[in-house]
Amino acid sequence: ALDGAGIEFEAILVNDGSGDGTGDAARAAGARVLDHPVNMGKGQALRTGLRHAYRHGYRTAVTLDADAQHDPAEIPRLVEASRGAPGALVLGCRDMSGPTVPRSSRFGRWFTNLWIWIDGGISVGDAQSGFRAYPVPEVLGLGMMGGRFEFEMEVIVRCGWAGVPVIGVPISVH
């Protein structure tokens, strides 16, 4: 499919063992659904989606968590940043400064960003964001090992080790 700006895209849902009907609803809405028969973890679900994208010739895969905290209308911001820096991992950086953001969430993000800097030598604005534009061939070539939530942190660290740029784009959060 093409969006209004002429960008070719395919909406993909990786159904990681869920039986709640989400996969069926996504199929009915026109998305391609890739099913895991059992829950294999977020990292494996991301890998499944990235491999699918690679096999179908996509250079970039935009991901967002299914918890409704990200606004899909902001996808073009990540795509634009990715086009401006081909081969870079683009992170959607949430504004966590508001009074409704729990102190523990702000601390968790700060602490995670610190460890990414210590381990990967790379400074990022929001290592915990699930709203990202992955450079598909570069990420698949990093030798990722994590199968669950650690996958997202490992991607950033391995990008740092491999010299793959990581850039941040401000996004809203709900």
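First, a word on scope: everything that follows refers to the structure included in this document. Numbers given for residues are sequential positions, taken from 1 along each chain in its written order. Local features are withheld for residues below a pLDDT of 70 in this predicted model, meaning they are given only at 70 or higher, and side-chain atom pairs are given and counted only at 80 or more; totals for whole chains, interfaces and linings count all residues. Side-chain numbers here rest on the full set of heavy atoms in the structure, without hydrogens or water.

## Focus: the environment of aspartate 20
Turning to step 1, where the next piece is worked out: Strands are runs of DSSP state E lasting at least 2 residues, helices are runs of H or I lasting at least 4, and numbering of each runs from the N terminus. Within the secondary structure, aspartate 20 sits in the loop between strand E1 (12-16) and helix H1 (22-28).
Turning to step 2, where the next piece is worked out: Partly exposed residues are those whose accessible area sits between 20% and 50% of the maximum for their type, while under 20% is buried and over 50% is exposed, using a 1.4 Å probe and protein chains only. Judged by relative accessible area, aspartate 20 falls into the exposed class, the value being 58%.
Turning to step 3, where the next piece is worked out: A distance of 2.9 Å separates a polar atom in the side chain of aspartate 20 from a polar atom in the side chain of serine 18.
Turning to step 4, where the next piece is worked out: Pairs of N or O atoms are called polar contacts if they sit within 3.5 Å, as long as, within protein, a hydrogen donor faces a hydrogen acceptor (for residues adjacent in sequence, only side-chain-to-side-chain pairs). Here threonine 22 takes part through its side chain, which lies 2.6 Å from a polar atom of the side chain of aspartate 20.

## Describing the sheet that holds strand E6 (residues 166-171)
Turning to step 1, where the next piece is worked out: A strand pair is defined by DSSP finding two or more bridges across the two strands. Spatially, four strands are ordered E3-E5-E4-E6 in an open sheet, and the strand pairing comes out mixed. Looking at strand neighbours, the two that pair on one side only are strand E3 (60-63) and E6, the edges of this open sheet. Averaged over all adjacent pairs, the angle separating strand axes in this sheet is 25°, with direction ignored.
Turning to step 2, where the next piece is worked out: Bridge count between strand E4 (residues 89-94) and strand E5 (residues 132-135): two bridges; the pairing is antiparallel. Every angle, taken between N-to-C directions, lies between 0 and 180 degrees, and every axis is a line fitted to C-alpha atoms, over only the stretch in contact when it is a helix.

## Some points on a nonpolar patch on the surface
Turning to step 1, where the next piece is worked out: Nonpolar side chains collect at one region of the surface, where Phe107, Trp110, Phe111, Trp115, Trp117 and Ile118 lie side by side and expose about 710 Å² of accessible area between them.
Turning to step 2, where the next piece is worked out: Assignment of secondary structure puts phenylalanine 107 in helix H4 (residues 103-120). Like charges are joined within 9 Å and nonpolar side chains (Val, Leu, Ile, Met, Phe, Trp, Tyr) within 5 Å, but only among residues with over 30% relative accessible area and no salt bridge; these make up the patches. Note on areas: Shrake-Rupley with a 1.4 Å probe; residue coverage comes only from the protein chains shown. By definition, a salt bridge exists where a carboxyl oxygen of Asp or Glu is found within 4 Å of a side-chain nitrogen of Lys or Arg.

## Here we look at the packing of H4 against helix H6 (residues 150-162)
Turning to step 1, where the next piece is worked out: Axis separation between H4 and H6 bottoms out at 9 Å; the angle between their running directions is 35°. Between H4 and H6 lies a crossing of right-handed hand. Contacts from Thr112, Ile116, Asp119 and Gly120 of H4 reach H6 at Met153, Ile156, Val157, Gly160 and Trp161. With the far helix as reference, a near helix turned anticlockwise by less than a right angle produces a left-handed crossing, and one turned clockwise produces a right-handed crossing. Residue contacts are defined here by distance: any two heavy atoms, one from each residue, within 4.5 Å place the two residues in contact.

## With respect to H4
Turning to step 1, where the next piece is worked out: Along its 18 residues, H4 runs 25 Å from first to last C-alpha, staying within 8% of the 26 Å computed at 1.5 Å per residue.
Turning to step 2, where the next piece is worked out: Listed in full, the buried residues belonging to H4 are Arg109, Thr112, Asn113, Ile116 and Gly120. Viewed along the axis of H4, the buried residues span an arc of 100°, placing them on a single side of the element. Exposed side of H4, more than 90 degrees from the buried face: Arg103 and Ser104 are the residues found there.
Turning to step 3, where the next piece is worked out: Considering only its buried residues, H4 is in contact with E4 and H6. Here the expected span of a helix is defined as 1.5 Å times the quantity of residues minus one. Directions pointing from the helix axis toward each C-beta atom define the arc.

## Looking at helix H2 (residues 42-55)
Turning to step 1, where the next piece is worked out: For H2, with 14 residues, the first-to-last C-alpha span of 20 Å sits near the 20 Å given by 1.5 Å per residue.
Turning to step 2, where the next piece is worked out: The element H2 is largely enclosed, with a buried count of eleven among its 14 residues.
Turning to step 3, where the next piece is worked out: Of all the positions in H2, only Lys42, Gly43, Gln44, Ala45, Leu46, Arg47, Thr48, Gly49, Leu50, His52 and Ala53 are classed as buried.
Turning to step 4, where the next piece is worked out: Those residues of H2 that are buried are in contact with E1, strand E2 (32-36), E3, E5, helix H5 (136-140) and H6.
Turning to step 5, where the next piece is worked out: Glycine 57, located one to two residues past H2, shows a positive phi value of around 80°.

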